Amino acid sequence: MKHFRLSFLVTFILITLAGWWGYSRGGVAGALNALWITAVLGVMEVSLSFDNAVVNASVLRNWNAFWQKLFLTVGILIAVFGMRLVFPLVIVSVATGLGLLDVWTMAINTPTEYARHLTENHAEVATFGGAFLLLVFLNFLFDEEKELHWLGWIEEKLGQHGSEGLAVLLTLLAVFGCMTMVPEARKLSVLSAGVIGVAIYVGVDWISGLLEEEEADPTIGKMISRGSIGGFLYLEVLDASFSFDGVIGAFAITNDVVIIMIGLAIGAMYVRSLTVFLVHKGTLEQFVYLEHGAHYAIGILALIMLASVKYHIPEWFTGLSGVAFILVSLWSSMKHKKKHGAQH
């Protein structure tokens with residue numbers, strides 16, 4: 001439970017704040033409604049981002065205590081306030097030409113208009129996030145160094161013949177496909193968003209490789225391999241790709257931007273705590289296919305985001321598809337563990 005103490009404390013503070021906000025706008029009934037919606041949003045965020053926590057843990061388990069703590073402190077501030085509050089405000093600001101303060105005023109006073117501007121730019125954001133997440137999945141799938149293959153010889157062959165270049169090529173083709181699904185006036189912006197998503201992934205990957213290069217200085221290389229700014233940036237961009245899907249889904253429940261931020265912030269805290277719990281308990285070592293399931297869930301989410309450029313896909317389907325892969329991977333892991341234990 002120690003891994004969730006901070007989450008419990010933040011939940012208590014934010015729930016109190018949500019109750020006060022609701023009471024100030026609608027009395028006791030407003031407070032109860034605000035508390036209920038906040039709880040729903042928190043649960044929704046955790047369900048949508050559980051696979052994110054598993055992938056985070058697969059990266060974070062090799063980091064030292066300093067970088068893990070940095071991820072839980074600075075990282076959570078970026079995740080909560082940066083990705084779930086400031087990032088949507090910036091999107092609306094760019095789209096409307098208004099300043100951030102004006103957009104915040106719009107979000108508080110006319111949340112319906114704010115939500116409209118945000119959803120109008122869904123195609124660009126979905127292409128950006130979908131491209132980044134698709135690269136995360138494909139590079140995991142094309143990793144020839146993987147020793148365990150959840151899908152057997154199929155996954156093994158993909159690992160042998162795939163490459164980072166092929167992953168980038170397939171992702172750019174997917175981005176081009178998204179461009180063909182939008183009106184002429186938006187083709188350039190959608191294409192640009194997807195290319196930026198690819199460029200950020202490649203750039204962060206390059207920074208990580210540069211920092212973790214051991215030939216230049218073995219001591220520094222060894223130190224950074226247990227945590228680096230490149231890895232930190234990778235996890236934050238990954239979180240951004242996940243978080244916007246939750247923000248859009250939240251507006252289907254309420255237009256109150258304050259309640260949305262509070263609810264998603266609570267969920268984000270538990271995702272962070274769950275990440276560290278998985279690392280400290282060695283869960284990924286015990287359930288060997290859990291990381292596979294999380295990456296396949298990310299692959300499905302990437303395809304859903306790219307398809308959502310034109311088609312509406314219910315939030316419940318997005319959440320359940322990820323949970324399904326996690327559950328099946330847990331079942332496969334338990335079978336593997338039982339078989340492996342029996343052999344010994």
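In this report, the structure presented in the accompanying data block is examined. These numbers were taken from a predicted model, which means no experiment stands behind them.

**Observations regarding the overall build of the chain**
Right, on to step 1. Scanning the chain for helices and strands turns up 14 helices and zero strands.
Right, on to step 2. For the chain, the sequential pattern of α-helices and β-strands runs α-α-α-α-α-α-α-α-α-α-α-α-α-α.
Right, on to step 3. In the chain, buried positions account for 51% of the 344 residues.
Right, on to step 4. Put simply, of all contacts in the chain between residues at least 6 apart along the chain, 79% involve residues at least 24 apart.
Right, on to step 5. As presented, the chain carries roughly 16,600 Å² of accessible surface, and 69% of it is formed by carbon and sulfur atoms.

**A short note on the side chain of Ser329**
Right, on to step 1. Within the secondary structure, Ser329 is located in helix 14 (residues 315–343).
Right, on to step 2. Taking the relative accessible area as the measure of exposure, Ser329 reaches 0% and is therefore buried.
Right, on to step 3. Apart from the residues within four sequence positions on either side, Ser329 is in contact with Trp150, Tyr289, Leu290 and Gly293.

**Description of the pattern of salt bridges**
Note that side chains of opposite charge can pair when their charged atoms are close.
Right, on to step 1. Summed over all chains, the structure comprises two salt bridges.
Right, on to step 2. The partner of Arg116 in a salt bridge is Glu120, and the shortest N-O contact between them spans 2.9 Å. Of this pair, Arg116 and Glu120 are both found in helix 4 (residues 111–120), four residues apart, which corresponds to roughly one turn of the helix.
Right, on to step 3. Residue classification places Glu120 among the partly exposed residues on the basis of a relative accessible area of 39%.
Right, on to step 4. Across the salt bridge formed by Glu124 and Arg186, the nearest N and O atoms sit 2.6 Å from each other. In this pair, Glu124 sits in helix 5 (residues 122–141) while Arg186 sits in the loop between helix 7 (164–180) and helix 8 (187–211), placing the two residues 62 residues apart along the sequence.
Right, on to step 5. What makes Glu124 buried here is its relative accessible area of 13%.
Right, on to step 6. Residue Arg186 is classed as partly exposed on the basis of its relative accessible area, which comes to 27%.

**Focus on the packing of helix 1 (residues 5–60) against helix 11 (residues 257–280)**
Right, on to step 1. Two elements in contact, helix 1 and helix 11, have axes separated by 3 Å at closest approach and are oriented at 30 degrees. Once helix 1 is placed against helix 11, the crossing between them reads as right-handed.

**Focus: the packing of aromatic side chains**
Right, on to step 1. Taken as a whole and judged by the stated rule, the model has five aromatic pairs.
Right, on to step 2. Arranged with centres 5.4 Å apart and planes meeting at 70 degrees, the rings of Phe132 and Tyr201 form a pair that is edge-to-face. Here Tyr201 lies in helix 8 and Phe132 lies in helix 5, a separation of 69 residues in the sequence. Tyr201 carries the same exposure label as Phe132, and that label is buried.
Right, on to step 3. Cluster of aromatic residues (ring-pair linked, three or more members): Phe137, Tyr296 and Phe325.

**Let's talk about the side chain of Ser332**
Right, on to step 1. Mapped onto the elements of the fold, Ser332 is located in helix 14.
Right, on to step 2. Given a relative accessible area of 13%, Ser332 falls into the buried group.
Right, on to step 3. In this view, Ser332 contacts Trp150 and Tyr289; residues no more than four positions away in its chain are not counted.

**Overview of the packing of helix 5 against helix 7**
Right, on to step 1. For the pair helix 5 and helix 7, the least separation of the axes is 9 Å and the interaxial angle reads 150 degrees. One element, helix 5, and the other, helix 7, form an angle in the roughly antiparallel class. Viewed along their axes, helix 5 and helix 7 form a crossing whose handedness is right-handed. Contact with helix 5, carried on its side by Thr127, Ala131, Leu134, Leu135, Leu138 and Asn139, involves Glu164, Ala167, Val168, Leu170, Thr171, Ala174, Val175 and Cys178 of helix 7 and no other residues of that element.
Right, on to step 2. Across the contact of helix 5 with helix 7, the residue classes break down as 10 nonpolar, three polar and one charged.

**Some thoughts on the layout of surface pockets**
Right, on to step 1. Considering only enclosed or pocket space, the second largest pocket measures out at about 300 Å³ in volume.
Right, on to step 2. Lining the second largest pocket are 13 residues, with Ile91, Val94, Glu124, Val125 and Ala193 positioned closest to its centre.
Right, on to step 3. Top element by residues in the lining of the second largest pocket is helix 2 (residues 65–96). It accounts for five residues.
Right, on to step 4. Among the residues forming the lining of the second largest pocket, the class breakdown is nine nonpolar, three polar and one charged.

Criteria and cut-off values
- Residues numbered from 1 in each chain as written.
- Predicted model: local features only at pLDDT ≥ 70, side-chain atom pairs only at ≥ 80, totals over all residues.
- Heavy atoms only, no water.
- Helix = DSSP H or I, 4+ residues; strand = E, 2+ residues; numbered from the N terminus.
- Buried < 20%, exposed > 50% of the residue type's maximum accessible area, 1.4 Å probe, protein only.
- Contact = heavy atoms within 4.5 Å.
- Areas by Shrake-Rupley, 256 points an atom, 1.4 Å probe, with all protein chains shown as cover.
- Salt bridge = Lys/Arg side-chain N within 4 Å of Asp/Glu carboxyl O.
- Axes fitted to C-alpha atoms, helices over the stretch in contact; angles between N-to-C directions.
- Left-handed = near helix turned anticlockwise from the far one by under 90°.
- Phe/Tyr/Trp six-rings, centres within 6.5 Å; stacked < 30°, edge-to-face > 60°.
- Parallel < 35°, antiparallel > 145°, perpendicular 65-115°, else oblique.
- Nonpolar A, V, L, I, M, F, W, Y, C, P; charged D, E, K, R; others polar.
- 1 Å grid on protein atoms, 1.4 Å probe; cavity = no way out; pocket = protein on both sides within 12 Å on 5 of 7 lines; lining within 4 Å.
- Points joined across faces, edges and corners; volume = space filled by probe spheres on them.

Geometric values such as these leave the question of function open.
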